[in-house]
Amino acid sequence: MHAATIVDRYRDLLARKSLSENYGRLVSYNGLVIEAEGPDLKVGELCEIRVGGSGQPVTAEAVGFRDGRLLLMPFGHLRGVAAGARIRALGRSLRIPVARAMIGRVIDAFGDPLDGGPRVAAEGFRDVQPQPINPMRRAPLEHPLETGVCAVDAVMPLAKGQRVGVFAGSGVGKSTLLGMMARHVQADVVVVAMIGERGREVGDFLEESLGELGRQRSVMLVATADQPALVRTHAVHAAHAVAEYFRDLGLDVLLIVDSITRFAMAQREVGLAVGEPPTSRGYPPSVFNLLPQILERGGRMRDSGSISGIYSVLVEGDDMNEPVADNMRAILDGHIVLSRDLASRGQLPAIDLLSSVSRLVSRVANDAERQLATRVKSIISTYETSRDLVDMGAYHAGSNPALDEAIALYPRIVECLNQTPGQSCSRADSIDRLCHILAGAAV
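What counts, and at which threshold
- Residues numbered from 1 in each chain as written.
- Predicted model: local features only at pLDDT ≥ 70, side-chain atom pairs only at ≥ 80, totals over all residues.
- Heavy atoms only, no water.
- Core = buried A, V, L, I, M, F, W, Y, C linked by side-chain atoms within 4.5 Å.
- Buried < 20%, exposed > 50% of the residue type's maximum accessible area, 1.4 Å probe, protein only.
- Helix = DSSP H or I, 4+ residues; strand = E, 2+ residues; numbered from the N terminus.
- Phe/Tyr/Trp six-rings, centres within 6.5 Å; stacked < 30°, edge-to-face > 60°.
- Lys NZ or Arg CZ within 6 Å of the ring centre and 35° of its normal.
- Expected span 1.5 Å × (residues − 1).
- Arc of directions from axis to C-beta.
- Salt bridge = Lys/Arg side-chain N within 4 Å of Asp/Glu carboxyl O.
- Bend = angle between axes of the 7 residues up to and from the residue.
- Pairing = 2+ DSSP bridges.
- Axes fitted to C-alpha atoms, helices over the stretch in contact; angles between N-to-C directions.
- Polar contact = N/O pair within 3.5 Å; in protein donor to acceptor, adjacent residues only side chain to side chain.
- Contact = heavy atoms within 4.5 Å.

### Concerning the nonpolar core
Stage number 1. With 60 residues, the main nonpolar core has Val-191, Val-242, Tyr-311 and Met-328 as its most contacted residues.
Stage number 2. In terms of residue count, the dominant contributor to this core is helix α5 (residues 229-248) (12 residues).
Stage number 3. Ala-154, Leu-178, Tyr-383 and Tyr-395 belong to the second-largest nonpolar core, a separate cluster that totals 56 residues.

Have a look at this one:
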């Protein structure tokens, strides 16, 4: 090799190599937030904290400043940390490795494997919080997204690139519905983010809800409830970064986040710990600032693929107007509400069609399909309004022709919309079956 070439090569290496280290020291730690004197960091940049004599360093992120000191939050547990512990700046913000080989794998918020498999060889790195998308890059949402769920596809169809919330209380079948969508949706890649779940639920979702076929085209990103709040918040950002990677490859991606409420709770811990004022139900302003930033990362691009987002919203005490649910409903392109009453009757999925809506029905359904959905909802509404009268036997046939029709058709509509988790139904078949029912023909 020519001597000049060797010199140029090492000159480039030296130009990229930092010739100094940026250190600081820990002066205070209250269990959530570290106060440090130095190093010289910007908000969002990373550092390493030396724990114990020979322990592995713990990565932390700069989250703010207070009285001239740097505020840090760790990604791990700081057992054994001592006052004066050395802190070394890493000179970068958090990025996640991405690769096509992530499909079929279970990873954590940093891209490390959780399934016992080898580390995925990175094809690149993505910032977990990139710049907002130029709105002129966005393409119209006009192509239907088939989820394989009859009640959704036939009555409230979704579009590729649409963002939808699944609103439900605990134990109403939220995870089952998300698993059905992940397994049966017509998409190239599915990215599932499980945020703040119990460790047992991760395995249950993987084996029972997702299944082997669903897992073959899915990336599961997990941050369980026992991990620090900052890890749980970053897991949501990382899941979007992974989905954006596949979208930029020209693929149609379904992104499922379960649940965005636990993300909001984790961000509440972070915000309150760094001194943000509490607002509605104790949530700091950063929660309601971050939600639209996260949801705006979905959509369909003119020069690449699409990200269709399904965000589960865990409503406390079945209160659909609690702060996170109310804020999400205002941002989303539609919402699917699960009813505890329907679940108790054995209806699966327990979708309350009268309370659910897709704002893009007019773009993905023709006139006949919209009329079908309207009539199905009208029959359900008529029956539910008079359910008590019918159940008591106080209604006499012939008194109300519309109710007579609802009594005759409601059980058949419910039977058509009922669906076991392993059962898939195309949108065309779902619409055809409902048309036959409403026409009075045998299915």
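This is not the end of the story, as more comes after the structure.
### Focus: the packing of aromatic side chains
Stage number 1. Throughout the structure, instances matching the rule amount to four aromatic pairs.
Stage number 2. Ring geometry for Tyr-245 against Phe-246: centres 5.1 Å apart, planes inclined by 70°, an arrangement best described as edge-to-face.
Stage number 3. Aromatic side chains Tyr-383 and Tyr-410 sit 4.1 Å apart centroid to centroid with 10° between the ring planes, which places their arrangement in the stacked category. Taken together, the residues span a long stretch of sequence, with Tyr-383 in helix α11 (residues 367-385) and Tyr-410 in helix α13 (residues 401-417) at a distance of 27 residues. The same class applies to Tyr-383 and to Tyr-410, which are both buried.
Stage number 4. The positively charged end of Arg-268 is found above the aromatic ring belonging to Tyr-283, 4.3 Å away from the centroid.

### As for helix α14 (residues 427-438)
Stage number 1. Here α14 is 12 residues long and its end C-alpha atoms lie 17 Å apart, about the 16 Å a rise of 1.5 Å per residue gives.
Stage number 2. Of all the residues in α14, the buried ones are Arg-427, Ser-430, Ile-431, Leu-434, Ile-437 and Leu-438. With its buried residues spanning 120° around the axis, α14 presents them on a single face.

### What to know about the pattern of salt bridges
Stage number 1. Applying the stated criterion across every chain yields a total of 27 salt bridges.
Stage number 2. Arg-138 is the salt-bridge partner of Glu-296, the closest N and O atoms lying 3.6 Å from each other. With Glu-296 in the loop between α7 (285-295) and β16 (299-300) and Arg-138 in the loop between β9 (124-127) and β10 (144-145), the pair connects residues that are 158 residues apart, well separated along the chain.
Stage number 3. Owing to a relative accessible area of 38%, Glu-296 belongs among the partly exposed residues under this scheme.
Stage number 4. Salt-bridge contacts for Glu-369 lead to Arg-427; the nearest nitrogen and oxygen are separated by 3.0 Å. Of the two residues, Glu-369 is situated in helix α11 and Arg-427 in helix α14; the sequence distance between them amounts to 58 residues.
Stage number 5. Through salt bridges that share partners, Arg-138, Arg-163, Glu-296 and Asp-333 make up one connected network.

### Observations regarding helix α4 (residues 199-215)
Residues lying three or four places apart along an α-helix face the same way, a consequence of the helix completing one turn every 3.6 residues.
Stage number 1. Given a rise of 1.5 Å per residue, 17 residues ought to cover 24 Å, yet the end C-alpha atoms of α4 are separated by just 18 Å, more than 12% below that figure.
Stage number 2. When the local axis directions of α4 are compared, the greatest deviation, roughly 60°, occurs at Ser-209.

### So, unusual backbone geometry
When glycine is set aside, most residues are seen to have a negative phi, and most peptide bonds are trans.
Stage number 1. Pro-39 follows Gly-38 through a cis peptide bond whose omega is -5°.
Stage number 2. Relative to the assigned elements, Pro-39 resides in the loop between β2 (34-37) and β3 (45-49).
Stage number 3. Cis geometry marks the peptide bond from Leu-348 to Pro-349, where omega comes out at -5°.
Stage number 4. Residue position: Pro-349 is located in the loop between α9 (340-344) and β19 (357-358).
Stage number 5. The backbone of Asp-67 sits at a positive phi, close to 55°, despite the residue not being glycine.

### Overview of the pairing of strand β15 (residues 252-258)
Stage number 1. Among the seven residues in β15, six count as buried, and that is most of the element.
Stage number 2. As defined by bridge partners, strand β13 (residues 189-195) adjoins β15 across six bridges and the pair is classed as parallel. What sits directly across from Val-192, in β15, is Ile-256.
Stage number 3. Relative to strand β17 (residues 306-314), β15 is paired through six bridges, and the arrangement is parallel. Considered in β17, the bridge of Val-253 is made with Ile-307.

### Some details on the sheet that holds strand β4 (residues 58-66)
Stage number 1. Here six strands make up a closed barrel; going around it, the order is β1-β2-β5-β4-β3-β6 and the pairing antiparallel. The mean inter-strand angle of the sheet, taken between neighbouring strand axes irrespective of direction, is 45°.

### With respect to the side chain of Asp-258
Stage number 1. Looking at where Asp-258 falls in the secondary structure, it is placed in strand β15.
Stage number 2. Within the structure, Asp-258 has its side chain in polar contact with the side chain of Lys-174 (distance 3.2 Å).
Stage number 3. The residues contacting Asp-258, other than those within four sequence positions of it, are Lys-174, Ser-175, Leu-178, Ala-193, Met-194, Ile-195, Glu-197 and Ser-312.

### Some points on the environment of Val-414
Stage number 1. Relative to the helices and strands, Val-414 is located in helix α13.
Stage number 2. Owing to a relative accessible area of 18%, Val-414 belongs among the buried residues under this scheme.
Stage number 3. Remark: the alpha-carbon pair of Val-414 and Leu-348, spanning 66 residues in sequence, is separated by 9.5 Å.

### Some thoughts on the environment of Val-253
Stage number 1. Mapped onto the elements, Val-253 comes out in strand β15.
Stage number 2. Along the backbone, Val-253 and Val-190 are 63 residues apart, and their C-alpha atoms lie at a distance of 5.7 Å.
Stage number 3. Once residues within four sequence positions are removed from consideration, Val-253 is found in contact with Val-189, Val-191, Ala-243, Phe-246, Arg-247, Ser-306, Ile-307 and Ser-308.

### Describing the side chain of Arg-427
Stage number 1. On the basis of relative accessible area, Arg-427 is assigned to the buried category, the value being 10%.
Stage number 2. A polar side-chain atom of Arg-427 sits 3.4 Å from the main-chain carbonyl oxygen of Val-364.

That's the geometry; what it means functionally is another story.
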